[in-house]
Amino acid sequence: MKLKLNKIVVLVAITALSTLMSSCFKEEPLNAECDIEKAWVHVSNVDAYFYSPTDSLIEVISTEDKIVFNMRDGADITALAPQFVITDGATITPASGTVHDFSNGPVTYTVTSQDGNWSRKYTVECNRVSHYTTAVWNFDFEHFELDPSNESSYYIWHNTLPDGSLGNDWASGNAGFKLSMKFALPNEYPTSVLEDSYDGHGVQLVTRSTGALGQMSKKPIAAGNMFLGRFNVTKALTKTMEATEFGIPFTQKPLRLSGYYQYSPSTPFIDKNFNEYPDRIDAGDIYSVLYINHDRNGNPVVLYGDNVLSSDLIVAVARVASVNETNGEWVHFDIEYEYRKDIDEELLKERGYNLTIVFSSSIEGATFEGAIGSTLKVDKVRLTCETKE
């Protein structure tokens with residue numbers, strides 16, 4: 001009798017445990033994320049399609065919904081089958097690996113979360129890249145919009161390409177600022193639109209407080225910044241210096257950088273440990289860097305906040321010597337690129353160099369040091385390049 005009772009107790013315990021485990025599994029929520037994390041195009045002859053094999057793979061950051069494969073000018077894009085890595089449990093339509101004719105324009109993909117409650121649309125474009133030979137690139141900052149992918153939106157800018165189309169080469173740290181100041185209005189972000197500028201619209205860069213979250217992470221300020229490149233918000237809190245990915249592929253030899261700016265420093269100057277220096281005067285920064293975008297082993301290279309002015313891959317630098325108080329006046333700058341290495345013409349043709357142009361309201365902003373309220377205004381920037389007969 002005792003043995004039988006023990007068996008019953010064990011059976012009840014097992015049943016209860018099974019029910020509990022089953023209940024736990026059922027209560028585990030389904031994944032609500034619906035992102036493309038990676039995209040790539042596999043072709044048998046990669047050299048016929050891409051300037052570099054690494055151009056065939058794109059790491060997609062969470063703030064991006066447009067994926068662009070830059071391809072050789074003569075590449076056949078009529079039958080390509082992009083493939084994707086998406087968040088766990090999500091589905092994608094059209095299916096990964098489906099063949100499309102990209103000569104008809106971008107293809108729209110929809111990613112739906114595992115729980116079925118969320119979806120996100122992406123456009124995928126195969127862009128045959130032309131080699132521009134324009135003498136002067138004009139950056140007037142007239143093409144901007146509120147980022148459509150954000151509820152509490154900030155401004156993004158489009159550059160005008162020499163063929164008249166609009167590019168997406170300008171970036172800022174606004175997405176990182178949003179992590180700490182979610183409810184900021186568009187004109188309260190570090191980088192915003194300047195309505196009454198030197199000529200039409202310009203860019204206003206203001207060093208802002210990052211609030212309670214910034215204090216906790218020893219990042220008390222966010223300098224207003226704008227640069228040619230990409231801001232990777234997924235690294236903004238963990239690998240801060242790598243969040244700013246400076247540079248875009250460039251196939252010309254830059255000679256001069258010019259434009260107009262105003263600067264107004266604020267006080268007190270604050271370091272990342274919240275020490276105040278009332279006698280230290282903040283300064284802005286304006287510079288451009290040309291660098292080799294692959295290492296000796298053919299691996300892609302991008303420069304970050306900690307090496308954009310120090311890497312041994314740098315070929316040329318143009319930098320305004322000092323960006324100080326201008327007393328409300330517009331100051332014209334015109335600086336030459338100083339070359340540290342000779343240009344490799346073949347590498348230049350193969351998009352082997354990256355170029356960035358950088359503006360910052362606090363020169364030490366990359367290390368989260370500066371004065372809250374320091375303001376840099378920029379407009380009518382010109383990049384003069386070498387032209388060949």
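This structure is a prediction, so every number in the text was calculated from the model and none was measured.

Describing the overall build of the protein
When helices and strands are counted, the protein shows five helices and 29 strands. Seen along its three principal axes, the alpha-carbon backbone of the protein occupies a region of about 100 × 60 × 40 Å. Of all 389 residues assigned to the protein, the portion counted as buried reaches 45%. Put simply, 66% of the contacts in the protein that link residues at least 6 apart link residues at least 24 apart. When the accessible surface of the protein is split by element, carbon and sulfur atoms take 52% of a total near 20000 Å². Averaging the coordinates of the 32 positive side-chain charges in the protein and doing the same for the 52 negative ones gives two points 9 Å apart.

As for the pairing of strand E18 (residues 225-231)
Counting buried residues along E18, six of its seven residues qualify, which places the element largely inside the surrounding structure. The pairing of strand E13 (residues 170-171) with E18 spans two bridges and is antiparallel. Note on E18: the bridge partner recorded for Trp170 is Leu228. Of the strand pairs in this sheet, E18 and strand E28 (residues 353-360) are connected by three bridges, and their pairing is antiparallel. Residue Met226 lies in a different strand from E28, and its bridge partner there is Phe359. Here E18 pairs with strand E19 (residues 244-246) via three bridges, running antiparallel. In the sheet register, Arg230 faces E19, and the bridge partner there is Glu245.

Describing the nonpolar core
By size, the foremost hydrophobic cluster in this structure holds 62 residues, and its most contacted members are Phe141, Trp170, Phe359, Leu376 and Leu383. Among all residues touching Leu376, those that are not within four sequence positions of it are Val203, Gln204, Leu205, Tyr261, Gln262, Tyr263, Asp285, Ile286, Val323, Phe359, Ser360 and Ser361.

Some thoughts on the domain arrangement of the protein
As assigned here, the protein comprises domain 1 (33-129) and domain 2 (131-385). When each unit is reduced to the centre of its C-alpha atoms, the spacing between domain 1 and domain 2 is 28 Å. Tallying the contact residues gives 13 residues for domain 1 and 16 residues for domain 2. Taking both sides of the interface into account, the surface hidden between domain 1 and domain 2 amounts to around 1200 Å²; carbon and sulfur atoms contribute 49%. A per-residue breakdown of the area domain 1 buries against domain 2 is headed by Tyr51, Ile61 and Thr63, which together make up 44% of the total. Residues Glu350 and Arg72 are paired through a salt bridge, measuring 2.6 Å at the closest nitrogen-oxygen approach. In this assembly, domain 1 and domain 2 are joined by six residue pairs in polar contact (both at pLDDT 80 or more). Looking at the side of domain 1 that touches domain 2, its residues break down into three nonpolar, five polar and five charged.

Conventions we followed
Residues numbered from 1 in each chain as written. Predicted model: local features only at pLDDT ≥ 70, side-chain atom pairs only at ≥ 80, totals over all residues. Heavy atoms only, no water. Helix = DSSP H or I, 4+ residues; strand = E, 2+ residues; numbered from the N terminus. Buried < 20%, exposed > 50% of the residue type's maximum accessible area, 1.4 Å probe, protein only. Contact = heavy atoms within 4.5 Å. Areas by Shrake-Rupley, 256 points an atom, 1.4 Å probe, with all protein chains shown as cover. Lys, Arg positive; Asp, Glu negative; His and termini not counted. Charge placed at Lys NZ, Arg CZ, Asp CG, Glu CD. Pairing = 2+ DSSP bridges. Core = buried A, V, L, I, M, F, W, Y, C linked by side-chain atoms within 4.5 Å. Domains from an automatic or database assignment. Buried area = accessible area lost by both parts, 1.4 Å probe. Salt bridge = Lys/Arg side-chain N within 4 Å of Asp/Glu carboxyl O. Polar contact = N/O pair within 3.5 Å; in protein donor to acceptor, adjacent residues only side chain to side chain. Nonpolar A, V, L, I, M, F, W, Y, C, P; charged D, E, K, R; others polar.

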